[in-house]
Amino acid sequence: MDNDKAWDFAIGIVQLDGLKPSDGFLELVEREKRGEITGEDIRKILYEKYKATP
């Protein structure tokens, strides 16, 4: 399975659970598909956005 299909599959699984990925997340995925960022970049961006602050 190529990277584009893997992302589409993962997003589809989430949607089957009745959830909708945020527009911001979907934009990160599109950027990764175009080769502008890596999967590791997505992980770092999301970690910074959602990390708990004391």
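Up top you'll find the structure we're talking about.
Residues numbered from 1 in each chain as written. Predicted model: local features only at pLDDT ≥ 70, side-chain atom pairs only at ≥ 80, totals over all residues. Heavy atoms only, no water.

Enquirer: Looking at this model, I keep getting lost on the overall build of the chain. Mind explaining?
Expert: Helices and strands together make up the secondary structure of the chain, namely three helices and zero strands. Listing each helix as α and each strand as β along the chain from the N terminus yields α-α-α. With the C-alpha coordinates aligned to their principal axes, the bounding extent of the chain is approximately 40 × 30 × 15 Å. Out of the 54 residues in the chain, the part that is buried amounts to 15%. For the chain, the computed accessible surface area is about 4300 Å², with 57% contributed by carbon and sulfur atoms. The average position of the 9 basic charges and that of the 12 acidic charges among the side chains of the chain differ by 4 Å. (Helix = DSSP H or I, 4+ residues; strand = E, 2+ residues; numbered from the N terminus. Buried < 20%, exposed > 50% of the residue type's maximum accessible area, 1.4 Å probe, protein only. Areas by Shrake-Rupley, 256 points an atom, 1.4 Å probe, with all protein chains shown as cover. Lys, Arg positive; Asp, Glu negative; His and termini not counted. Charge placed at Lys NZ, Arg CZ, Asp CG, Glu CD.)

Enquirer: Just checking my understanding: could you explain a nonpolar patch on the surface for this structure?
Expert: The grouping of M1, F9, I13 and L16 at the surface amounts to a nonpolar patch, some 510 Å² of accessible area in total. As for its position among the elements, L16 is in helix α1 (residues 3–16). Taking relative accessible area as the criterion, L16 reaches 70% and is therefore assigned exposed. (Patch = residues over 30% accessible without salt bridge, like charges linked within 9 Å, V, L, I, M, F, W, Y side chains within 5 Å. Salt bridge = Lys/Arg side-chain N within 4 Å of Asp/Glu carboxyl O.)

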